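Each chain is listed here by its residues.
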Amino acid sequence: MFVKRHLGSLAAATGLVLAAFGVGGVANAADPFTLSSATFKDGTMMPKKVANKNPQNPNCVGDNVSPQLSWSGAPDGTKSFAFTMVDPEGRGGLGVFHWVAYGIPANVTTFAEGEVTAANDKYVGGKSTQGVGFYSGPCTPPNVQPHHYTFVLIATDLEAKELPPGLTKDEVTAKIVPQGAKSQARLVPPLDVVP
């Protein structure tokens, strides 16, 4: 569920989704694997500041400030986390990956607002659709239905620095869940949030 509300030319609904791949056990039922944000709330638009900023693109009307993200209740055996942010409606339905990050140490459980707008030591930068290894905010075209921006957090049994920088979302997925491997995945109902 999302509220259709336009801020400038940015309109986007998001979901927060969790998955656990390759880890030895699952989180205690009393402490579920959760992902949240103080930057946006369920059923609201994400603030304009999270949209990308690009003077050459009239749809990039924000400040490219990455949202605050927090998580807890990781499954037993988690050694690192991976994150993706995708706009499934982008590029005519082909999807746009705005952020691919992995190698996040198991003891990291939050990113402050603006913290992943540039590369830092808390994660290994992958390669987004825009070709960068850090958060790249939305540039939703004006006068379109709101796009959905889904943040996916993945708990893995990979060591934090096991994967090299610059991997695409598909390359990261292939490393986390090799062909034919059995994995446990736990999806939590998405939290719809909006800019």
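Residues numbered from 1 in each chain as written. Predicted model: local features only at pLDDT ≥ 70, side-chain atom pairs only at ≥ 80, totals over all residues. Heavy atoms only, no water.

### Overview of the pattern of salt bridges
Then step 1. Enumeration over the complete set of coordinates arrives at 5 salt bridges.
Then step 2. For Lys-79, the salt bridge goes to Glu-159, with nearest N and O atoms at 3.4 Å. Residue Lys-79 is located in the loop between strand S3 (69–72) and strand S4 (80–87), and its partner Glu-159 is located in the loop between strand S8 (147–156) and helix H2 (169–176); the two are separated by 80 residues in the primary sequence. (Salt bridge = Lys/Arg side-chain N within 4 Å of Asp/Glu carboxyl O. Helix = DSSP H or I, 4+ residues; strand = E, 2+ residues; numbered from the N terminus.)

### Overview of the nonpolar core
Then step 1. Membership of the largest hydrophobic core comes to 22 residues, with the highest contact counts inside it found for Trp-71, Phe-83, Trp-99, Ile-104 and Phe-111.
Then step 2. At the level of elements, S3, S4, strand S5 (96–105) and S8 are the ones that each hand at least two residues to this core.
Then step 3. Sort the elements by how many residues they give to this core and S8 lands first, with 4 residues.
Then step 4. Those residues in contact with Ile-104, other than ones at most four positions away along the chain, are Trp-71, Lys-79, Ser-80, Phe-81, Ala-82, Phe-83, Phe-111, Lys-122 and Tyr-123.
Then step 5. Membership of the second largest hydrophobic core comes to 11 residues, among which are Val-100, Tyr-102, Val-152 and Leu-163. (Core = buried A, V, L, I, M, F, W, Y, C linked by side-chain atoms within 4.5 Å. Buried < 20%, exposed > 50% of the residue type's maximum accessible area, 1.4 Å probe, protein only. Contact = heavy atoms within 4.5 Å.)

### What about the state of the cysteines?
Then step 1. Throughout the structure, instances matching the rule amount to 1 disulfide.
Then step 2. Two residues, Cys-60 and Cys-139, share a disulfide whose sulfurs are 1.8 Å apart. With the S-S dihedral at roughly 110°, the linkage between Cys-60 and Cys-139 falls on the right-handed side. Remark: Cys-139 occurs in the loop between strand S7 (124–125) and S8 and Cys-60 occurs in the loop between strand S2 (34–36) and S3; sequence separation between them is 79 residues. (Disulfide = S-S within 2.5 Å.)

### Considerations on the sheet that holds S2
Then step 1. Spatial ordering of the open sheet is given by S2-S3-S6, a layout of 3 strands whose pairing is antiparallel. With one partner strand each, in any of the chains shown, S2 and strand S6 (110–111) form the two edges of the open sheet. (Pairing = 2+ DSSP bridges.)

### Observations concerning the side chain of Asp-87
Then step 1. With respect to the secondary-structure elements, Asp-87 resides in strand S4.
Then step 2. Buried within the structure, Asp-87 lacks any salt-bridge partner; Arg-91 is the closest side chain of opposite charge, at an N-O distance of 8.7 Å.
Then step 3. Side-chain polar atoms of Asp-87 contact the backbone nitrogen of Glu-89, separated by 3.0 Å.
Then step 4. If sequence neighbours within four positions are ignored, Asp-87 has contacts with Gly-95, Val-96, His-98, His-147, His-148 and Tyr-149. (Lys, Arg positive; Asp, Glu negative; His and termini not counted. Polar contact = N/O pair within 3.5 Å; in protein donor to acceptor, adjacent residues only side chain to side chain.)

### Here we look at empty space enclosed by the protein
Then step 1. Scanning all chains against the criterion turns up 1 cavity of 30 Å³ or more.
Then step 2. Approximately 60 Å³ is the volume found for the largest cavity.
Then step 3. Residue lining of the largest cavity: Ser-80, Phe-81, Ala-82, Tyr-102, Gly-103, Thr-156, Leu-158, Glu-159, Ala-160, Glu-162, Leu-163 and Ile-176, and that is the complete set.
Then step 4. Elements with a minimum of two residues in the lining of the largest cavity: S4 and S5. (1 Å grid on protein atoms, 1.4 Å probe; cavity = no way out; pocket = protein on both sides within 12 Å on 5 of 7 lines; lining within 4 Å. Points joined across faces, edges and corners; volume = space filled by probe spheres on them.)

### As for the pairing of S8
Every other side chain in a regular strand lies on the same face of the sheet, so the side chains alternate between the two faces.
Then step 1. In terms of burial, S8 is a largely internal element, 9 of the 10 residues being buried.
Then step 2. Taken together, the 7 bridges between S4 and S8 define a ladder with antiparallel strand orientation. Looking across to S8, one finds that Phe-81 is bridged to Ala-155.

### With respect to the environment of Lys-122
Then step 1. By the element assignment, Lys-122 lies in the loop between S6 and S7.
Then step 2. Judged by its relative accessible area of 28%, Lys-122 falls in the partly exposed class.
Then step 3. With 19 residues separating them along the chain, Lys-122 and Gly-103 place their C-alpha atoms 7.9 Å apart.
Then step 4. Beyond its immediate stretch of four places on either side in the chain, Lys-122 contacts Gly-103, Ile-104, Pro-105, Val-108, Thr-110, Phe-111 and Glu-115.

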